[in-house]
Amino acid sequence: MTRIAIVSDTHVPTRESDIPDWVVAEIERADHTIHAGDFESIGAYERMIDLTNGELTAVLGNVDPATLDVPRTATLEVDGVTFVVTHGDGSSGSWRERVVGTVREKADADADTTLVAVAGHTHQVVDTTDTFDDPHGADDEGQPASRVRLLNPGSATGAAPTTFETMFVATVDDGTLSVEHRTG
């Protein structure tokens, strides 16, 4: 079983001076951490690297320094579950359309793979399932072949417009995904 801490929008140091202790404890208990962008500083990113012992999948957010050496999109495969990570910002379409579009472009999964999109940006918690047309065509019954679980962990530091700290803790066990929402 693999335990994954999922956080985003920490906004350290302009909105908060540090990551809350309870979030740090969840990250330290995890086997891997996903951060969906908006660290806001090189120091906050380096702290996350230290907390995770380098077991970090991270992407660039819209307020991150341009010199931060992380991609705009990342993919993590864990035991039959594919996580596609993006910040979710942009000017075209809705947040959901941008995130699902990124999954459509980046996911290289077969029908037995569980697809999970992790994005931040809005600071609003989202845990829903969506479908999109498979770029390789429909399945044998003519139905869209791909479903994706959309996760936005909100803001780990409770940055506005939200009023509370929040994150997800996911576990992957033999291709089965479970997700728990945590708040401070």
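The preceding data block contains the structure.
Cut-offs applied
Residues numbered from 1 in each chain as written. Predicted model: local features only at pLDDT ≥ 70, side-chain atom pairs only at ≥ 80, totals over all residues. Heavy atoms only, no water. Helix = DSSP H or I, 4+ residues; strand = E, 2+ residues; numbered from the N terminus. Rg over C-alpha atoms; globule rule 2.2 N^0.38 Å. Buried < 20%, exposed > 50% of the residue type's maximum accessible area, 1.4 Å probe, protein only. Polar contact = N/O pair within 3.5 Å; in protein donor to acceptor, adjacent residues only side chain to side chain. Contact = heavy atoms within 4.5 Å. Arc of directions from axis to C-beta. Salt bridge = Lys/Arg side-chain N within 4 Å of Asp/Glu carboxyl O. Phe/Tyr/Trp six-rings, centres within 6.5 Å; stacked < 30°, edge-to-face > 60°. Pairing = 2+ DSSP bridges. Axes fitted to C-alpha atoms, helices over the stretch in contact; angles between N-to-C directions. Parallel < 35°, antiparallel > 145°, perpendicular 65-115°, else oblique. Nonpolar A, V, L, I, M, F, W, Y, C, P; charged D, E, K, R; others polar.

Chemist: Where do I start with the overall build of the protein chain in this structure?
Modeler: A count of helices and strands for the protein chain gives three helices and ten strands. Across the protein chain, helices and strands are ordered from the amino to the carboxyl terminus as β-α-β-α-β-β-β-α-β-β-β-β-β. Since a compact globule built from 184 residues should have a radius of gyration of about 16 Å, the 16 Å found for the protein chain is in line with a globular shape. Counting only C-alpha atoms, the protein chain reaches 55 × 40 × 30 Å along its principal axes. The 184 residues of the protein chain split such that 48% are buried.

Chemist: Mind showing me how you'd approach the side chain of His11 here?
Modeler: For His11, the position within the fold is in the loop between strand S1 (2-7) and helix H1 (21-29). Separated by 3.1 Å, the side chains of His11 and His123 make a polar contact. The residues contacting His11, other than those within four sequence positions of it, are Glu16, Asp38, Phe39, Glu40, Val63, His123 and Ala159.

Chemist: Would you mind showing me how to read H1 here?
Modeler: One full turn of an α-helix is made of 3.6 residues, so residues set three or four places apart face in the same direction. Of all the positions in H1, only Val23, Val24, Glu26 and Ile27 are classed as buried. Along the long axis of H1, the arc covered by the buried residues comes to 160 degrees, so they all point the same way. In this structure, H1 carries Asp21 and Glu28 as exposed residues pointing more than 90 degrees from its buried face. Tucked inside the fold, the buried residues of H1 contact S1, strand S2 (32-35), helix H2 (42-52), strand S9 (166-173) and strand S10 (176-183).

Chemist: Would you mind going over the pattern of salt bridges with me for this structure?
Modeler: Side chains carrying opposite charge are able to pair once their charged atoms draw close together. According to the stated counting rule, one finds eight salt bridges in the structure shown. Across the salt bridge formed by Arg47 and Asp18, the nearest N and O atoms sit 3.0 Å from each other. Here Arg47, found in helix H2, pairs with Asp18, found in the loop between S1 and H1; they are 29 residues apart in sequence, far enough to count as distant. Residue Arg182 pairs with Glu180 through a salt bridge whose shortest N-O separation is 2.4 Å.

Chemist: Quick question: what am I supposed to make of the packing of aromatic side chains here?
Modeler: Remark: the centre distance and the inter-plane angle together describe each pair of aromatic rings, the angle taken between the planes. Enumeration over the complete set of coordinates arrives at one aromatic pair. Taking 5.2 Å as the distance between ring centres and 85 degrees as the angle between the ring planes, the aromatic pair formed by Phe39 and Tyr45 counts as edge-to-face. Taking the relative accessible area as the measure of exposure, Phe39 reaches 0% and is therefore buried.

Chemist: Explain the sheet that holds S2 here, please?
Modeler: Sheet strands pair via backbone hydrogen bonds, and the direction of the pair is either parallel or antiparallel. Taken in spatial order, the five strands make up an open sheet running S3-S2-S1-S9-S10, and their pairing is mixed. Where the open sheet ends on each side, the last strands, each with one partner, are strand S3 (56-58) and S10. The mean angle between the axes of side-by-side strands here comes to 20 degrees, regardless of whether they run parallel or antiparallel. Seen against the sheet, H1 touches S1, S2, S9 and S10 and runs at an angle of roughly 145 degrees to S1. Contacts between H2 and the sheet are confined to S1, S2 and S3, with S3 contributing the most and set at about 150 degrees to the helix.

Chemist: Looking at this structure, how should I read the packing of H1 against H2?
Modeler: The packing of two helices is summarised by the inter-axis angle and the distance between the axes. For the pair H1 and H2, interaxial distance at closest approach is 8 Å and the crossing angle is 50 degrees. What the angle tells us is that H1 and H2 run oblique. Contacts between H1 and H2 involve Val24, Ile27 and Glu28 from the former and Arg47, Met48, Leu51 and Thr52 from the latter. Classifying every residue of the contact of H1 with H2 gives four nonpolar, one polar and two charged.

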